Amino acid sequence: AVSRFEGLEARASKVFTLIKMNKRKLAMAEVKKMNQIDEDATLSQLSNALVTAFAATGKVKDALYIYSEMADKYGRTADLEMHQAVVSVLTQDYATAEELLEAALERDNKDADVLINSLVAAQYNDKDDEVRFEFIFK
């Protein structure tokens, strides 16, 4: 049903779905269409960051820059910090990922995505047992 609509909102939903389906090339094509409509729109920027982070283009750090720019422009949120952390994991900057996820947990300690990504970052930092213990008793 979403494929019938041409607005940025529908296209952003389509990008997210295509990424989840591991259809990176199709997602990249959709982002190009979004950029033609309005390259500076928040949805275009966030979709671009998502595709950049998960596309095998070697430009993963560009996604981190986009998320940082969005946080500066609109304020930090648990979701933005979590996405920045995911990109940090992809760039093997595990310490930064853990810091971002701790900040995200302070904002929303019940967000499942943040909790799961915190466990992943902790495993990369060899702290998985400590983190599991903390989450159980929060």
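Just so you know, these numbers come straight off a predicted model, no measurement behind them.

Some words on the side chain of Ser 47
Here is step 1: By the secondary structure assignment, Ser 47 is in helix H3 (residues 42-54).
Here is step 2: In contact with Ser 47, other than residues within four places in its own chain, are Ala 12, Val 15, Val 31 and Met 34.

Some thoughts on helix H5 (residues 78-90)
Here is step 1: Over its 13 residues, H5 runs 18 Å from end to end, which matches the ideal 18 Å to within 8%, given 1.5 Å per residue.
Here is step 2: Within H5, ten of the 13 residues are buried, leaving the element largely enclosed by the surrounding structure.
Here is step 3: Among all positions in H5, only Ala 78, Leu 80, Glu 81, Met 82, Gln 84, Ala 85, Val 86, Val 87, Ser 88 and Val 89 are buried.
Here is step 4: Considering only its buried residues, H5 is in contact with H3, helix H4 (60-74), helix H6 (94-107) and helix H7 (112-124).
Here is step 5: Of the residues flanking the end of H5, it is Gln 92, one or two places downstream, whose phi is positive at about 65 degrees.

Comments concerning the confidence of the model for the protein
Any residue range with low pLDDT should be treated as having predicted coordinates unsuitable for detailed reading.
Here is step 1: Averaged over the protein, the pLDDT score is 84; the fraction of residues at 70 or greater is 87%.
Here is step 2: Ranking the elements of the protein by mean pLDDT puts helix H8 (residues 128-136) last with 52 and helix H2 (residues 24-38) first with 93.

Digging into helix H1 (residues 8-20)
Here is step 1: With 13 residues, H1 extends 18 Å between its outermost C-alpha atoms, agreeing within 8% with the 18 Å of an ideal straight helix rising 1.5 Å per residue.
Here is step 2: Within H1, the full set of buried residues consists of Leu 8, Ala 10, Arg 11, Ala 12, Val 15, Leu 18 and Ile 19.
Here is step 3: Along its buried surface, H1 packs onto H2 and H3.

A word on the nonpolar core
Here is step 1: Residues Val 15, Ile 19, Ala 27, Val 51, Tyr 67 and Val 87 are the most contacted members of the largest nonpolar core, which totals 22 residues.
Here is step 2: Listed by contribution, the elements that provide at least two residues to this core are H1, H2, H3, H4 and H5.
Here is step 3: Ranked by residue count, the leading element in this core is H4, at six residues.
Here is step 4: Discounting chain neighbours no more than four positions away, the residues touching Val 15 are Ala 27, Glu 30, Val 31, Met 34, Ser 47, Leu 50 and Val 51.
Here is step 5: One finds Val 86, Val 89, Leu 100 and Ala 104 within the second-largest nonpolar core, a separate group that totals 13 residues.

So, unusual backbone geometry
Glycine aside, a negative phi is what most residues show, and trans is what most peptide bonds show.
Here is step 1: At Asn 22, a residue that is not glycine, the phi angle is positive and equals roughly 65 degrees.
Here is step 2: On the secondary structure map, Asn 22 appears in the loop between H1 and H2.
Here is step 3: Phi is positive for Gln 92, which is not a glycine, with a value near 65 degrees.
Here is step 4: Within the fold, Gln 92 resides in the loop between H5 and H6.

Some words on the packing of H1 against H3
Here is step 1: Packing of H1 against H3 brings their axes to within 10 Å, and their N-to-C directions diverge by 15 degrees. On the basis of their axis angle, the class for H1 and H3 is roughly parallel. Here H1 runs over H3; the crossing is left-handed. Residues Leu 8, Glu 9, Ala 12, Val 15, Phe 16 and Ile 19 of H1 lie in contact with H3, whose contacting residues are Leu 43, Ser 44, Ser 47, Leu 50, Val 51 and Phe 54.
Here is step 2: Its residues assigned to classes, the contact of H1 with H3 comprises nine nonpolar, two polar and one charged.

Basis of the calculations
- Residues numbered from 1 in each chain as written.
- Predicted model: local features only at pLDDT ≥ 70, side-chain atom pairs only at ≥ 80, totals over all residues.
- Heavy atoms only, no water.
- Helix = DSSP H or I, 4+ residues; strand = E, 2+ residues; numbered from the N terminus.
- Contact = heavy atoms within 4.5 Å.
- Expected span 1.5 Å × (residues − 1).
- Buried < 20%, exposed > 50% of the residue type's maximum accessible area, 1.4 Å probe, protein only.
- pLDDT = per-residue confidence, 0-100.
- Core = buried A, V, L, I, M, F, W, Y, C linked by side-chain atoms within 4.5 Å.
- Axes fitted to C-alpha atoms, helices over the stretch in contact; angles between N-to-C directions.
- Parallel < 35°, antiparallel > 145°, perpendicular 65-115°, else oblique.
- Left-handed = near helix turned anticlockwise from the far one by under 90°.
- Nonpolar A, V, L, I, M, F, W, Y, C, P; charged D, E, K, R; others polar.

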